[in-house]
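Structure at a glance
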Amino acid sequence: MGIVKMLTALTLCASMFVTAGVGAMSADTAEIEVETAETEAAVVMNTATVKGVTWYLVESEAHLRAIGTGEYGLDKNYMQNADITMSTTEWVPIGTESNPFTGQYNGNGYEIRGLTITSPTVKIIGFFGFAGNAQLYNITLRDLDIETAGGQGKSVGAICARATDCNIHSNEVYSIYD
């Protein structure tokens, strides 16, 4: 897997390097442990523990789609650890009105390219559908295709369609039409 650069708000831009399968090397006083987790669908996300906080490392489209399923709950902390290019499969936003995303998602400066929602019947349009008391930051969406989705009465937000008491900042969005 190589060396992965992780930047988090918790370490205030201190660089740490995690080598998969070997253990951890840390900068300053940050302590990192690497583990592997597996869901019923055989989607595996590594974890990193930084200053006592566990982060699931998002490195693929399968990882993104697993958020909110099985052990990858909507209340967990996720850190993107690679650029991700999406397939043409329609995106289903993370979190619903009755079960919103309540964790943290740190895009970590990596891109999600080609996220697409084009269904004319959807009402909630965004990377995240509903979020409550969540933190969504450092997310970059490139070649986003959501402009033709939904009809009358839709809620649209590239990063999050509907949010309550959330901290959403430092994100970048580039439409497929830009």
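These remarks concern the structure in this document. Source: prediction; values computed, not measured.

Another aspect to go through is the pattern of salt bridges. Scanning the entire structure with this criterion turns up 4 salt bridges. A salt bridge links arginine 65 to glutamate 61; its shortest N-O distance comes to 2.8 Å. Placement of the pair is arginine 65 and glutamate 61 together in helix α1 (residues 61–66), with a separation of 4 residues, close to one helical turn. A relative accessible area of 16% places glutamate 61 in the buried class. The salt bridge involving arginine 113 is made with glutamate 111; its shortest N-O contact spans 2.9 Å. Classification of arginine 113 as partly exposed rests on a relative accessible area of 31%. Its relative accessible area of 18% is what places glutamate 111 among the buried residues. Members of the salt-bridge network, linked through shared partners, are Glu111, Arg113, Arg142 and Asp143.

With respect to the helices and strands, the residue glutamine 80 is situated in strand β7 (residues 77–80). For glutamine 80, a relative accessible area of 0% gives the class buried. In this structure the side chain of glutamine 80 is engaged in a polar contact, spanning 3.0 Å, whose partner is the backbone oxygen of alanine 82. Excluding residues within four positions of it along the chain, glutamine 80 makes contact with Val58, Tyr105, Asn106, Gly107, Asn108, Tyr110, Glu111 and Ile112.

Under the counting rule described, the total for this entry stands at 8 aromatic pairs. Residues tyrosine 56 and tyrosine 72 carry aromatic rings whose centres are separated by 5.2 Å and whose planes lie at 85° to one another, so their mutual orientation is edge-to-face. Of this pair, tyrosine 56 sits in strand β6 (residues 53–58) while tyrosine 72 sits in the loop between α1 and β7, placing them 16 residues apart in sequence. A relative accessible area of 0% places tyrosine 72 in the buried class. Aromatic side chains phenylalanine 127 and phenylalanine 128 sit 4.7 Å apart centroid to centroid with 75° between the ring planes, which places their arrangement in the edge-to-face category. For the pair shown, phenylalanine 127 and phenylalanine 128 are each scored as buried. Aromatic ring contacts, followed pair by pair, group Tyr56, Tyr72, Tyr78, Trp91, Phe101, Tyr105, Phe127 and Phe128 into a single cluster.

About the thresholds
- Residues numbered from 1 in each chain as written.
- Predicted model: local features only at pLDDT ≥ 70, side-chain atom pairs only at ≥ 80, totals over all residues.
- Heavy atoms only, no water.
- Salt bridge = Lys/Arg side-chain N within 4 Å of Asp/Glu carboxyl O.
- Helix = DSSP H or I, 4+ residues; strand = E, 2+ residues; numbered from the N terminus.
- Buried < 20%, exposed > 50% of the residue type's maximum accessible area, 1.4 Å probe, protein only.
- Polar contact = N/O pair within 3.5 Å; in protein donor to acceptor, adjacent residues only side chain to side chain.
- Contact = heavy atoms within 4.5 Å.
- Phe/Tyr/Trp six-rings, centres within 6.5 Å; stacked < 30°, edge-to-face > 60°.

None of this, on its own, says anything about what the molecule does.
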